[in-house]
Amino acid sequence: MPVVGVIGGGQLARMMIPPAVALGVEVRVLAEAADSSARLAATVVGDYRDTETVLDFARGCDAITFDHEHVPQEVLRALVEAGAAVRPGPDALLYAQDKLAMRARLAELGVPMPDWARVSSSAELAAFLDDHGGRAVVKTPRGGYDGKGVRVVDESSAADDWLASGPVLVEELVPFRRELAQLVARRPSGEVRPWPVVETVQQKGVCAEVFAPAPHTTEAVERAAAEIATTVAHGLDVTGVLAVELFETTNGRVLVNELAMRPHNSGHFSIEGSVTSQFEQHVRAVLDWPLGDTELRAPATVMINVFGALPEDQIVASLAHQPSVKVHAYGKGPRAGRKAGHVTALGDDLDETVYRARAAAAHFEFEG
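Our subject in this report is the structure included herewith. (Residues numbered from 1 in each chain as written. Predicted model: local features only at pLDDT ≥ 70, side-chain atom pairs only at ≥ 80, totals over all residues. Heavy atoms only, no water.)

Points about the overall build of the chain
Then step 1. On a plain count of helices and strands, the chain comes out with twelve helices and 17 strands.
Then step 2. Its C-alpha atoms give the chain a radius of gyration of 20 Å, within 12% of the compact-globule value 21 Å for 368 residues.
Then step 3. Its C-alpha atoms give the chain principal-axis dimensions of roughly 55 × 55 × 45 Å.
Then step 4. Residue pairs in contact within the chain that sit at least 24 positions apart in sequence constitute 63% of those at least 6 positions apart.
Then step 5. When the accessible surface of the chain is totalled, it reaches about 15,500 Å², and 49% of it is carbon and sulfur.
Then step 6. Of the charged side chains in the chain, 34 are positive and 50 negative, and the gap between their average positions amounts to 2 Å. (Helix = DSSP H or I, 4+ residues; strand = E, 2+ residues; numbered from the N terminus. Rg over C-alpha atoms; globule rule 2.2 N^0.38 Å. Contact = heavy atoms within 4.5 Å. Areas by Shrake-Rupley, 256 points an atom, 1.4 Å probe, with all protein chains shown as cover. Lys, Arg positive; Asp, Glu negative; His and termini not counted. Charge placed at Lys NZ, Arg CZ, Asp CG, Glu CD.)

Here we look at the pattern of salt bridges
Then step 1. A full pass over the atoms with the stated rule returns 21 salt bridges.
Then step 2. Where R105 meets E108, a salt bridge forms, and the shortest distance between an N and an O atom there is 3.0 Å. Of the two residues, R105 and E108 are both situated in helix α5 (residues 99-109); the distance of three residues between them amounts to about one turn of the helix.
Then step 3. Salt bridges sharing partners connect three or more residues here, namely R103, K139, E171 and E258. (Salt bridge = Lys/Arg side-chain N within 4 Å of Asp/Glu carboxyl O.)

Some remarks on the side chain of T200
Then step 1. Within the secondary structure layout, T200 lies in strand β11 (residues 198-203).
Then step 2. On the basis of relative accessibility, which here comes to 7%, the residue T200 falls in the buried class.
Then step 3. Once residues lying within four places of it in the same chain are set aside, the contact partners of T200 are E179, L180, A181, C207, E209, V210 and S266. (Buried < 20%, exposed > 50% of the residue type's maximum accessible area, 1.4 Å probe, protein only.)

Some details on the sheet that holds strand β6 (residues 136-139)
Then step 1. With antiparallel pairing, four strands are arranged side by side in an open sheet as β5-β8-β6-β7. Of all strands in the sheet, those with a lone pairing partner are β5 (116-119) and β7 (150-153), marking the two edges. Across the sheet, the mean angle from the axis of one strand to that of its neighbour is 25°, orientation sign disregarded.
Then step 2. As paired elements, β6 and strand β8 (residues 168-172) share four bridges and run antiparallel to each other. (Pairing = 2+ DSSP bridges. Axes fitted to C-alpha atoms, helices over the stretch in contact; angles between N-to-C directions.)

Topic: the side chain of Q278
Then step 1. As for its position among the elements, Q278 is in helix α10 (residues 278-286).
Then step 2. Reaching out from Q278, the side chain makes a polar contact with the backbone oxygen of G267 at a distance of 3.4 Å. (Polar contact = N/O pair within 3.5 Å; in protein donor to acceptor, adjacent residues only side chain to side chain.)

Quick look at the environment of E52
Then step 1. Checked against the element boundaries, E52 lands in helix α2 (residues 51-58).
Then step 2. Residue class for E52 comes out partly exposed when judged on its relative accessible area of 46%.
Then step 3. Through-space distance from the C-alpha of E52 to that of L79 is 9.7 Å; in sequence the pair is 27 residues apart.

Some points on the nonpolar core
Across soluble globular proteins, nonpolar side chains have a tendency to be buried as a group.
Then step 1. With 42 residues, the main nonpolar core has I7, L106 and V256 as its most contacted residues.
Then step 2. The contact partners of I7, leaving out residues within four places of it in the chain, are L30, Y48, V54, F57, I64, T65, F66, D67, H68, V71 and L79.
Then step 3. Counting 20 residues, the second-largest nonpolar core is a separate cluster that includes V27, A31, A41 and V286. (Core = buried A, V, L, I, M, F, W, Y, C linked by side-chain atoms within 4.5 Å.)

Re the sheet that holds strand β3 (residues 42-45)
Then step 1. If you trace the four strands from one edge of the open sheet to the other, you get β3-β2-β1-β4, paired in parallel fashion. In this open sheet, the two strands that pair with only one neighbour each are β3 and β4 (63-66). Neighbour-to-neighbour, the strand axes of this sheet turn through a mean angle of 25°, independent of strand direction.
Then step 2. Bridge count between strand β2 (residues 26-31) and β3: three bridges; the pairing is parallel. Within β3, the position partnered with V29 by the bridge is A42.
Then step 3. Contacts from helix α1 (residues 11-22) reach β1 (3-7), β2 and β4 within the one sheet, and its direction differs from that of β2 by about 170°.

In structure tokens, the structure reads:
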């Protein structure tokens, strides 16, 4: 049976393991540390930035995929030159690694986005602010996630520290009604399968809750979200799961915010909530196997992230109080603000399902 190598030992790699085992697929993980979340399949502990370490890990793997998008381009291209099936490949991952490159490529594809610009000086930022009502969003081109590397600014000097290191991305401050996420999976042969669009709720720049399907969504918005994600998947030649984070604006437009080329927090609901989870689908896609049905198993699915820690006594209390809710612990050490796990509830009524999910998550408290 095939072997899938996953670079990165976080919770995404961890959650790929059960569906891979069910399919008879072996997962091997290149983890950053021996106590990583995916230590159950960590066959190598080493630095994903070291070419020789990664090449050694890739030997014997039928496909290489990722828990994150931070593997350097030179390492990715060395893998390709060595004959590894890298999925997604370096040409696709470039657009998940560099926000300026992503915006430029999406503009070529005609994908709807906020107004944006590459700025290299406070004078250029001032000009953008003047053209966009005096406020804007500034992002570092590389490395930002979960609210990091993002600032709302209203003066031209507010990004001087970042500009000292090079150009930054500036975007209009979009008047949005809510945030959505559209996940699709694509295999090398070109087959694409979307999940229903979901609503995401952010707290302090981090995803806190996900509602699947997105409630009170028009057919036009559903169609636009699926078309955008499919266009991006084909246009960027993505293999595996692609998550497109979206703004639904106050005037009904759907705009691309961010991209992720791997399973994504907004898709964790699919483990229980979909016929085929994003993790099973990702394994299928990188092996170029037929993709599974993405239909929802219930009218409402709610996923809530848990931060800090999931101690055993709190897990037991949550399970006892809400036996229909599923708890996922990521096997991480306690740390304030860190995603430690999530809970998922399914039901026929959204309000009742939200109540059960929040009641289960309320058992987890962390003093840190």
